[in-house]
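# Coordinate inspection notes
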Amino acid sequence: MLISLIVGLVLALIFGKITVKEIKQHVRKYTERKSGDNPGESGNSGDSGNSEGGEKGKEDIPEEESEVEEEESKKSRRSLFRRKKKEDSEEDSDEDKKEKSGRFLSFIKEKSISEDDVEDILFELELGLLEADVAMDVSSVVVESVKNDLVGQKIKRSSDIEEYTYKALKNAVAKIIDIEGKSMTELLEEKVAQGEPLVVMLVGINGTGKTTTIGKLSNYYIKKGYTPVIAASDTFRAGAIEQVQYHADNLGVKLIKHEKGSDPAAVAFDAVQHARAKGKELVLIDTAGRMQTNTNLMDEMKKIRRVSKPDLVVFVGDALTGNDATEQARKFNEAIDIDGVILTKADADSKGGAALSIGYIIKKPILFLGMGQSYDDIKEYDADWMLEQIFS
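Residues numbered from 1 in each chain as written. Predicted model: local features only at pLDDT ≥ 70, side-chain atom pairs only at ≥ 80, totals over all residues. Heavy atoms only, no water.

## Concerning the overall build of the protein chain
Heads up, the condition is: Put simply, DSSP H or I for four residues or longer makes a helix, DSSP E for two residues or longer makes a strand, and each gets a number counted from the N terminus. Each residue is placed in one exposure class: buried if its accessible area under a 1.4 Å probe, protein chains only, is under 20% of its type's maximum, exposed if it is over 50%, and partly exposed if it falls in between. Using a 1.4 Å probe, accessible areas were evaluated by the Shrake-Rupley method; residue-level cover was limited to the displayed protein chains.
A count of helical and extended segments in the protein chain gives 15 helices and eight strands. Burial status across the protein chain gives 41% buried among its 392 residues. As displayed, the protein chain offers around 21,700 Å² of accessible surface, 49% of which is attributable to carbon and sulfur atoms.

Rendered as structure tokens:
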């Protein structure tokens with residue numbers, strides 16, 4: 001019974017429902033009660049010494065046991081306290097981490113990109129565009145578009161700025177290079193449906209590849225089932241008629257030509273009449289290369305246009321000249337109102353500035369890209385393809 005009592009009291013002590021002092025009191029009461037219940041304690045005086053000694057021993061035993069149990073209970077309570085403190089500490093630590101993490105994530109979710117965040121990025125972007133021969137006006141438009149797309153955008157981490165900048169830049173470039181307008185093939189199909197030839201007049205400065213481009217266009221549409229005719233309206237430059245004759249012979253295309261120094265407008269007119277008489281679907285007019293500052297030759301070009309009444313006046317520019325090609329296209333557009341652009345040597349243009357700028361500046365579509373030296377190296381312009389090439 002004593003052992004059971006002590007065990008019960010120790011458990012009560014461990015769980016904090018009783019004190020050590022109270023345990024001692026319970027043990028003493030228990031021993032006194034047991035002594036009072038012993039009949040030999042009052043009747044046998046000879047055994048009084050033994051009784052007292054026994055009582056003293058009984059009293060000492062619980063006292064020693066209680067001290068041991070008290071020490072063990074202290075250790076248990078200290079152990080329990082440490083364990084509970086550790087658990088509480090771990091719980092607090094986890095709660096603190098969650099709270100701190102929650103505050104941090106909340107801050108990130110609410111973080112918006114400001115102009116200060118992208119100031120350096122936009123500066124580097126504008127510098128990169130200018131170095132790539134992109135026109136100043138176009139660079140400004142691209143940078144402004146990127147800034148408008150970025151500022152106010154919510155991000156989760158600072159590294160997201162780079163991803164958003166890439167998307168914003170791609171979006172800005174996509175808008176610039178996609179100029180609305182019908183392709184040459186669409187216009188040709190419409191003219192054929194009307195029973196009329198499509199008349200295309202090619203203009204540009206010296207050395208941009210107009211005559212070679214005429215050969216490529218002839219080959220391109222022959223493979224599509226159309227029959228072209230070429231007008232040798234460059235009667236000014238020495239060897240120009242022989243050069244275009246070479247391409248016509250290689251491709252089996254009819255060439256309309258006059259003597260060197262003759263009226264180029266008359267040559268163009270005769271080619272149109274020939275196409276109508278023979279049922280040919282496409283007339284390609286080669287003109288003399290001229291600088292946009294040469295007033296006499298620009299006036300001659302206006303006359304060719306007035307007489308031949310072309311459906312398309314196409315500026316042929318060298319992609320490698322970058323901003324120069326854009327400026328030339330601007331001047332030609334002011335003089336005779338061009339309808340579209342063909343960029344030659346686009347395969348060698350690693351910067352892409354002319355392709356990015358020229359259509360946007362004059363608000364006219366790019367129709368074809370020259371991609372090499374052979375007759376097959378020409379590609380109808382596709383804005384999506386161009387966008388992928390720029391960002392590949």
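## Focus on the pattern of salt bridges
Filter applied, for reference: Any Lys or Arg side-chain nitrogen located within 4 Å of an Asp or Glu carboxyl oxygen qualifies as a salt bridge.
Under the counting rule described, the total for this entry stands at 13 salt bridges. For the salt bridge of lysine 302 with aspartate 299, the shortest nitrogen-to-oxygen distance reads 4.0 Å. Residue lysine 302 and its partner aspartate 299 are both found in helix 12 (residues 295–308); the two are separated by three residues, about one turn of the helix. Take aspartate 299: its relative accessible area is 40%, and that puts it in the partly exposed class. Between aspartate 318 and lysine 345 there is a salt bridge; the shortest N-O distance is 3.0 Å. Separated by 27 residues along the polypeptide, aspartate 318 in strand 5 (residues 312–318) and lysine 345 in the loop between strand 6 (340–344) and helix 14 (353–362) bring together distant segments of the chain.

## Re the pairing of strand 4 (residues 282–286)
Cut-off, in case you're wondering: A pair of strands is considered paired only if DSSP assigns at least 2 bridges between the two.
Most of strand 4 sits out of view: five of its five residues are buried. Here strand 4 shows two buried faces, one formed by Leu282, Leu284 and Asp286 and the other by Val283 and Ile285. Relative to strand 4, strand 1 (residues 198–203) runs parallel, the two sharing five bridges. Directly across from leucine 198, in strand 4, lies its bridge partner leucine 282. In this sheet, strand 4 lies alongside strand 2 (residues 228–232) in parallel orientation, the contact comprising five bridges. Within strand 4, the residue paired with valine 229 across the bridge is valine 283.

## Points about unusual backbone geometry
Positive phi is not limited to glycine here, since lysine 309 has a value of about 50 degrees. The backbone of lysine 345 sits at a positive phi, close to 60 degrees, despite the residue not being glycine.

## Section: the side chain of asparagine 333
Which entries qualify depends on this criterion: Any pair of residues with heavy atoms lying within 4.5 Å of one another is described as a contacting pair.
Structurally, asparagine 333 is set in helix 13 (residues 323–336). Its relative accessible area of 18% is what places asparagine 333 among the buried residues. Contacts of asparagine 333, omitting those with residues within four sequence positions, involve Ile338, Ile362 and Lys364.

## Looking at the sheet that holds strand 8 (residues 378–380)
How we decide: Think of each axis as a best-fit line through the C-alpha atoms, taken over the contacting stretch in the case of a helix, with angles from 0 to 180 degrees between the N-to-C directions.
Here eight strands make up an open sheet; going across it, the order is 3-2-4-1-5-6-7-8 and the pairing mixed. Each of the sheet's edge strands pairs with one partner strand only, and the pair in question is strand 3 (254–256) and strand 8. Taking the axes of each pair of neighbouring strands and ignoring which way they run, one obtains an average angle of 25 degrees across the sheet. Bridge count between strand 2 and strand 3: three bridges; the pairing is parallel. Within the sheet, the bridge partner assigned to valine 229 lies in strand 3 and is lysine 254. Packing against the sheet, helix 12 makes contact with strand 1, strand 4 and strand 5, and its axis sits at approximately 180 degrees to strand 1.

## So, the packing of aromatic side chains
Operational definition: Here a pair means two rings of Phe, Tyr or Trp (six-membered ring of Trp) with centres within 6.5 Å. Their orientation is stacked below 30 degrees between planes, edge-to-face above 60, and tilted elsewhere. Here, over-ring charges are defined by two tests on the NZ atom of lysine or the CZ atom of arginine: distance to the ring centre within 6 Å, and angle to the ring normal within 35 degrees.
Following the criterion strictly, the structure yields five aromatic pairs and no others. Between the aromatic rings of tyrosine 221 and phenylalanine 368, the centroid separation amounts to 6.3 Å while the plane-to-plane angle is 80 degrees, which identifies the pairing as edge-to-face. Within this pair, whereas tyrosine 221 is found in helix 9 (residues 210–222), its partner phenylalanine 368 is found in strand 7 (residues 366–370), the two being separated by 147 residues in sequence. The class of tyrosine 221 is buried, set by a relative accessible area of 0%. With centroids separated by 5.5 Å and ring planes inclined at 50 degrees, the aromatic side chains of phenylalanine 315 and phenylalanine 332 adopt a geometry described as tilted. Highlighted residues: phenylalanine 315 in strand 5 and phenylalanine 332 in helix 13, separated in sequence by 17 residues. We classify phenylalanine 332 as buried; its relative accessible area is 0%. Taken together, the aromatic side chains of Tyr220, Tyr221, Tyr226 and Phe368 make up a single cluster linked through ring pairs. We note lysine 363 situated over the ring of tyrosine 360; from NZ or CZ to the ring centre the distance is 3.5 Å. Stacked on the ring of tryptophan 385, the Lys or Arg lysine 379 has its end atom at 4.8 Å from the ring centre.

## Quick notes on the packing of helix 7 (residues 160–177) against helix 14
What counts, and what does not: The scheme is simple: roughly parallel for angles under 35 degrees, roughly antiparallel for over 145, roughly perpendicular for 65 to 115, oblique for anything else. Amino acid classes used here: Ala, Val, Leu, Ile, Met, Phe, Trp, Tyr, Cys and Pro are nonpolar; Asp, Glu, Lys and Arg are charged; the rest, including Gly, are polar.
Running from amino to carboxyl end, helix 7 crosses helix 14 at an angle of 55 degrees, the nearest separation of the two axes being 8 Å. Of the possible angle classes, the one that applies to helix 7 and helix 14 is oblique. Note on element contacts: helix 14 touches helix 7 through Ala355, Leu356 and Tyr360, opposite Val173, Ile176 and Ile177. For the contact of helix 7 with helix 14, the per-class residue count stands at six nonpolar, no polar and no charged.

## Structural notes on the pairing of strand 7
Taking burial as the measure, the five residues of strand 7 include five buried ones, the bulk of the element. Judged from the three bridges that link them, strand 7 and strand 8 form a sheet pairing that is antiparallel. Following the sheet pairing, glycine 370 is matched in strand 8 by isoleucine 378.

## Some remarks on the environment of tyrosine 226
Assignment of secondary structure puts tyrosine 226 in the loop between helix 9 and strand 2. Residue classification places tyrosine 226 among the buried positions, given a relative accessible area of 17%. Between the C-alpha atom of tyrosine 226 and that of valine 192, which follows or precedes it by 34 residues, the distance is 9.6 Å.

Keep in mind these numbers describe shape, not what the thing actually does.
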